[in-house]
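Residue-level structural notes
Each chain is listed here by its residues.
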Amino acid sequence: LSHSLGARVKMAFVVLSADVMRRLARFLEVGEVERLRAVGRYLWEQASDEELWREVSSQWYWGGASLAGAEAVGPVDASLSGVGPISVASSELVPLGSWRVCAWQWRRLARLVEGGDAMDARTWSSVAASWRAIEAWCGGGEGAEERRLRRAIGDSLRPGASAEALREVSARSLRYAYAVHDGQSLAWDVALRRRDDVALRRAHKSIFWGLFGGFSAYDYVVCQRFKPIGDARRERDSREFASSYRDDRSLAVDDDDSRVWIDATQFPRADGNWFEKRCAASPPGRGFAAWFAEFAARLADGVFRVAPLVPDDASSLAVVVFPDAGPECHEATTRGVRVKASALYLPGHVNGFAYSIRLRLLDRDATCQLKSRKWTITDRAAPPYQRRHTVVGEGVVGKFPKLADCGWRDDFQVAAIETIGFARAVRQGSDRLGEFVYQSFSGPITDPHLGGSFAGLLTFVPGEILHPDGPAFEVVVPEFQLVASPFIF
C-alpha cells in the first residue's frame, strides 16, 4: 500500500466492515498488510485479525485455495537468523500458531526461492515432504552395510543452494529441491575434477552412492547422482539434475516444470556418432515434484532396495531400482524356492528392457542346484497380433547356483558342457550369503508402451547336479510385464 495515499487510505478503511476489509486485504502483499497495523488503532485491530492473515496466506502462497480448518504451518529457517530472507532452507514444516507469523515465514522463504513475495506453498510442501522421507531413509537401515550406505548417501547431500544459484533453475519444483539440498558431493566427482588418479581409486565405491540409484545388466551399469547446480551448468544446462557417472544417462526437467525426461546415449551409429534417445520419465503435466514424490515413496516403502548394483561385486552396494516390492515386482514360491522378478524399461537401449530375477531357498533343511532355464517372451505389438519367443539353455549367465539356507554356492561354467560333460565343464565356486541375483536383457520390444511379458521355468535338482537327492523339479518364474512405467528412474 503506497505511503503517498496518506490519510485518505485511513479514512477509506475505517468505514469498511471487517469482512470487506478481509476481501480487500487479500490483494495486498504481506508487508503492505503489516504496514496497515501502524496506521491507527482500528486498522491495527483489523490487520491483526487471524482470518485476514489466513486470506492473505491463501492468496499469496496457496493459489487462492480455501484454508478453512487448516493449521498454520510454515517453513523453518535452518540458519535461525529470524530476519530477512531465509538463507538456509530446511525440509521441515512446523506449526507456527499464527497465520500472521505463517505468512511472514512463507514470505521470507519466497525471497530465497523466487526472489519475490509470492511462491507456491503446495509445491514446496510436496518437495519438502519428499526430502523428509529421503532424509529419514538415510538415517535407517536393517544391517550394518546397509546403514553405512544410507548414511554415506545422506552425508553426501550438500546444503541448500544460494538465492543467486537458484535463479539459474527455471523449473519451479526442481528449484525448490535445490533450496534444501544443492545436489551431492561425492569423492569420485571431487577426484575427477582434480584429475587425481590415486584419489579416484580410493573413491571408487562412491560412484555407487548416487541418490537416485541405478541398475546393471552385464557391462551396462548405471548409477544416477543428484547433480549440484554448478555441475549441471558447467556440463550441460540447469535443466539436468541427475546423471550416471559415465554420463551415458541423465535426467532433466522442462523449463516450465511440466515433465521429466531421460536422455540416454547407448550405442554407436553407422556414422560413428552415438545414438541418443529422449524419453519421458513422468506423465504429461507431472513435473519434478511428482517424479520426486514417487521416487521418495518407493524408497521409503522398500520398492527400491539396497544391494550390490553389480551382483558379483560386493563393493557396488547401492540403491537398486529394480522393483523389489509393490505391483511391479512379481513373486512365486515352488518347493521352497522363492523367485522375485521385475523389469525396467531402458530408453535408447538396443535391448529394450533389463530384468532381474532373485532366487532364495526358504527351506532350511534342503539344498538344490539350478540346472536349466526356459524363458517365454511375448511382444504384444509384433505382427500380426503378438509374437512369442522361447529361450532354452543350461544354467543362467554361465552359473549353476546351489541354493542353501542363508545363501548359495557360486558354481560356474568354464567350458562347453556338451563337449566334456558337466563334471569337468563346471567348477565349484565359493559360498555366498543372501539371494542369488540374475540380471539380463529381454531384447527389443516393438512398442514399449504397449509392451510385452516375460515368464519362465527353472529346472532344479535336489541336492546338487552331480549328486542328486531326488528327481529334478520345475520352479515357476512368475509372469512380469515388459512395459514402460509412467515414472522411470
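Calculation rules
- Residues numbered from 1 in each chain as written.
- Predicted model: local features only at pLDDT ≥ 70, side-chain atom pairs only at ≥ 80, totals over all residues.
- Heavy atoms only, no water.
- Helix = DSSP H or I, 4+ residues; strand = E, 2+ residues; numbered from the N terminus.
- Buried < 20%, exposed > 50% of the residue type's maximum accessible area, 1.4 Å probe, protein only.
- Contact = heavy atoms within 4.5 Å.
- Areas by Shrake-Rupley, 256 points an atom, 1.4 Å probe, with all protein chains shown as cover.
- Phe/Tyr/Trp six-rings, centres within 6.5 Å; stacked < 30°, edge-to-face > 60°.
- Axes fitted to C-alpha atoms, helices over the stretch in contact; angles between N-to-C directions.
- Parallel < 35°, antiparallel > 145°, perpendicular 65-115°, else oblique.
- Left-handed = near helix turned anticlockwise from the far one by under 90°.
- Pairing = 2+ DSSP bridges.
- Salt bridge = Lys/Arg side-chain N within 4 Å of Asp/Glu carboxyl O.
- Expected span 1.5 Å × (residues − 1).
- Arc of directions from axis to C-beta.

Section: the overall build of the chain
- From N to C terminus, the chain includes 16 helices and 24 strands.
- Relative to its 489 residues, the chain shows a buried fraction of 50%.
- Relative to all contacts within the chain whose residues are 6 or more apart in sequence, the contacts with residues 24 or more apart total 58%.
- Here the chain displays about 22400 Å² of accessible surface, and carbon together with sulfur accounts for 51% of that area.

Brief notes about the environment of leucine 166
- Mapped onto the secondary structure, leucine 166 falls in helix H9 (residues 163-166).
- Sequence-wise, leucine 166 and valine 113 are 53 residues apart; in three dimensions their C-alpha atoms are separated by 6.5 Å.
- Sequence-distant contacts of leucine 166, defined by excluding residues within four places in its chain, comprise Leu112, Val113, Ala161, Arg175, Tyr178, Ala179 and Ile229.

What to know about the packing of aromatic side chains
- If you walk through the whole model with that rule in mind, you get 34 aromatic pairs.
- A ring pair is formed by phenylalanine 295 and phenylalanine 489, whose centres lie 6.0 Å apart and whose planes are at 45 degrees; its orientation type is tilted. With phenylalanine 295 in helix H14 (residues 288-300) and phenylalanine 489 in the segment after strand S24 (473-482), the pair connects residues that are 194 residues apart, well separated along the chain.
- Where phenylalanine 400 meets phenylalanine 422, the ring centres are 5.2 Å apart and the plane angle is 85 degrees; that geometry is what we call edge-to-face.

Remarks on the packing of helix H7 (residues 121-138) against H14
- Packing of H7 against H14 leaves a shortest axis separation of 9 Å and a crossing angle of 25 degrees. One finds that H7 runs roughly parallel with respect to H14. Relative to H14, the crossing made by H7 is left-handed. Note on element contacts: H14 touches H7 through Ala289, Phe292, Ala293, Phe295, Ala296 and Leu299, opposite Thr123, Ser126, Val127, Ser130, Trp131, Ala133, Ile134 and Trp137.

Re the sheet that holds strand S21 (residues 436-441)
- Taken together, the four strands give an open sheet; going across it, the order is S11-S12-S13-S21, and neighbouring strands pair in antiparallel fashion. A single partner strand is all that each edge strand has here, and the edge strands are strand S11 (330-334) and S21. On average, adjacent strands in this sheet sit at an angle of 20 degrees to one another, irrespective of strand direction.
- Bridge analysis of strand S13 (residues 353-361) against S21 gives six bridges, and the strand direction is antiparallel. Pairing of isoleucine 357 across the sheet is with tyrosine 438, part of S21.

What to know about the environment of arginine 107
- Along the chain, the position of arginine 107 falls in helix H6 (residues 99-113).
- Look at arginine 107 and you get buried, because its relative accessible area is 14%.
- Between the C-alpha atoms of arginine 107 and valine 30, which are 77 residues apart in sequence, the distance is 7.3 Å.
- In this view, arginine 107 contacts Glu29, Val30, Gly31, Tyr61, Gly116 and Asp117; residues no more than four positions away in its chain are not counted.

So, the pattern of salt bridges
- Taken as a whole, this structure holds 31 salt bridges when the rule is applied.
- Between glutamate 435 and arginine 305 there is a salt bridge; the shortest N-O distance is 3.0 Å. With glutamate 435 in the loop between strand S20 (431-433) and S21 and arginine 305 in strand S9 (residues 305-308), this residue pair connects regions lying 130 residues apart in the sequence. For the pair glutamate 435 and arginine 305, a shared accessibility class is recorded, and that class is buried.
- Put simply, Arg305, Asp324, Arg338, Lys340, Arg358 and Glu435 are held in one network by salt bridges that share partners.

A look at helix H8 (residues 144-156)
- For H8, which comprises 13 residues, the first-to-last C-alpha distance of 18 Å matches the rise-based estimate of 18 Å (1.5 Å per residue) to within 8%.
- Among the residues of H8, those classed as buried are Glu146, Leu149, Arg150, Ala152, Ile153 and Ser156. The buried residues of H8 occupy an angular sector of 155 degrees when projected down its axis, which confines them to one face.

Digging into the packing of helix H5 (residues 50-61) against H6
- Packing of H5 against H6 brings their axes to within 8 Å, and their N-to-C directions diverge by 25 degrees. Compared by their axis directions, H5 and H6 come out roughly parallel. Pair H5 / H6 crosses with left-handed handedness. Listed contacts from H6 to Glu50, Trp53, Arg54, Ser57 and Tyr61 of H5 are Trp99, Arg100, Ala103, Trp104, Trp106 and Arg107.

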